[in-house]
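Each chain, written out:
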Amino acid sequence: CRIQEKHKQVIELVINLSSFLIEHNTKIHIFGDGPDFQQLFAFIKKNHLSNNVFLYRWTSRSDIFKNYDFSAVISNSKFEGLPLASLESIGNFKLLISRNSPGNFEITDKNFLYNDYDELIQILIFYMNIDDSSLHKLIVSHKNHIKRTYSKSKLLLSLTNLFK
């Protein structure tokens, strides 16, 4: 992601999840670069979160899906125009957890939308306690919903009309 607080609120996310991450010995991995990368890195170091928050410079999303073992993606943006990373996450069988915002609202399972960090923590607790089989069924169901709602033909028609 673009580590730019104005758009993605990555630092805000880490600040609000820091106690939860430590208490539950939970890890998050953040991939990206941007003007606030050093500020985020400094916050992680200053607050002794190096065992819970792992920060990686930008890499292609296809490399992330191939080379890292994870089952969920958090989109903390307050606005997503065309949420390509979110759609790719669903397409790669990852659970999408996202802020209830334009762009993500339309594609995220309503049980995994949050308005504030207390709601996000409740979702994370649920996610941490779900068994692998149930998680897989949930992700497949969500992916199928997206495929029905946003079929290739609908998408191609929209893009064709856009470029007329």
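Preceding this section is the structure that the text describes.
On a predicted model such as this, the values are computed, not experimentally measured, just so you know.

(A) Summary view of the side chain of D109. Its place among the elements puts D109 in the loop between β4 (95-99) and β5 (113-114). The buried charged residue D109 lacks any salt bridge partner; its closest oppositely charged side chain belongs to K110, at an N-O distance of 7.5 Å. Aside from chain neighbours lying at most four places away, what touches D109 is L138 and H142.

(B) Highlighting the packing of aromatic side chains. Tallying each qualifying case throughout the model produces six aromatic pairs. Relative to Y117, the ring of Y114 has its centre 6.4 Å away and its plane inclined at 40°; by these criteria the two rings are tilted. Ring pairing ties together the aromatic residues F31, Y56 and Y68, which thus form one cluster. The aromatic ring of F37 is capped on one face by R57, whose charged end is 3.6 Å from the ring centroid. Cation over ring: K110 sits above F105, and NZ or CZ is 4.6 Å from the ring centre.

(C) Local environment of the packing of helix α2 (residues 10-23) against helix α6 (residues 117-129). Where α2 meets α6, the closest approach of the two axes is 11 Å, and the angle between their N-to-C directions is 55°. Classed by the angle they form, the pair α2 and α6 counts as oblique. α2 and α6 meet at a crossing whose hand is right-handed. Residues E12, L13, N16, L17 and F20 of α2 lie in contact with α6, whose contacting residues are Y117, L120, I121, L124, I125 and M128. Taken together, the residues that form the contact of α2 with α6 break down as nine nonpolar, one polar and one charged.

(D) Representation of the pattern of salt bridges within the structure. Per the counting criterion, the structure on display carries two salt bridges. The residue R99 makes a salt bridge to E12 at a minimum N-O spacing of 3.1 Å. Note that R99 is positioned in strand β4 and E12 in helix α2, a separation of 87 residues in sequence. Using a relative accessible area of 23% as the deciding quantity, one classes E12 as partly exposed.

(E) Just the sheet that holds β4, in detail. The three strands are arranged β3-β4-β5 in an open sheet whose pairing can be described as parallel. Lying at the two open borders of the sheet, with one neighbouring strand each, are β3 (72-75) and β5. Pairing of β4 with β5 involves two bridges; the strand directions are parallel. Across the sheet, residue S98 finds its bridge partner in β5, namely L113.

(F) Geometry of the nonpolar core. The biggest cluster of nonpolar side chains holds 30 residues, and the ones touching the most others in it are V14, I30, L40, V53, I97 and L120. At the level of elements, α2, β1 (28-31), α3 (37-46), β2 (53-56), β4, α6 and α7 (132-149) are the ones that each hand at least two residues to this core. With seven residues, α2 is the largest single contributor of residues to this core. Once residues lying within four places of it in the same chain are set aside, the contact partners of I97 are A72, V73, I74, S75, F112, Y114, L120, I123 and L124.

Rules and cut-offs
Each chain has its residues counted from 1, running along the sequence as written. In keeping with the model being predicted, local features are shown solely for residues with a pLDDT of at least 70 and side-chain atom pairs are shown and tallied solely at 80 or more, while totals for entire chains, interfaces and linings include all residues. Each side-chain value is worked out from all heavy atoms of the structure, with water and hydrogens disregarded. Each helix is a run of H or I in the DSSP string that is no shorter than four residues. Each strand is a run of E no shorter than two, and both are numbered from the N terminus. Residue burial is assigned from relative accessible area. The probe radius is 1.4 Å, only protein chains are included, and a residue is buried under 20% of its type maximum, exposed over 50%, and partly exposed in between. Note on charges: Lys and Arg go in the positive column, Asp and Glu in the negative column, and His and the chain ends are not counted at all. Salt bridges are defined by distance alone: a side-chain nitrogen of Lys or Arg within 4 Å of a carboxyl oxygen of Asp or Glu. Contact between two residues is taken to exist if any of their heavy atoms lie within 4.5 Å; hydrogens are not considered. The pairing test for Phe, Tyr and Trp rings, Trp by its six-membered ring, is centres within 6.5 Å, and the orientation test on the planes gives stacked under 30 degrees, edge-to-face over 60, and tilted for anything in between. Should the NZ of a Lys or the CZ of an Arg lie within 6 Å of a ring centre and within 35 degrees of the ring normal, that charge is described as sitting over the ring. Here the axes come from fitting lines to C-alpha atoms, over the contacting stretch only for helices, and the angles between their N-to-C directions go from 0 to 180 degrees. Angles below 35 degrees are treated as roughly parallel, those above 145 as roughly antiparallel, those between 65 and 115 as roughly perpendicular, and all remaining angles as oblique. Crossings are sorted by hand: turned counterclockwise from the far helix by less than a right angle, the near helix makes the crossing left-handed, and turned clockwise it makes it right-handed. The classification used treats Ala, Val, Leu, Ile, Met, Phe, Trp, Tyr, Cys and Pro as nonpolar, Asp, Glu, Lys and Arg as charged, and all other residues, Gly among them, as polar. A pair of strands counts as paired when DSSP detects no fewer than two bridges linking them. Only buried residues count toward a nonpolar core. Its members are Ala, Val, Leu, Ile, Met, Phe, Trp, Tyr and Cys residues joined through side-chain atoms within 4.5 Å.

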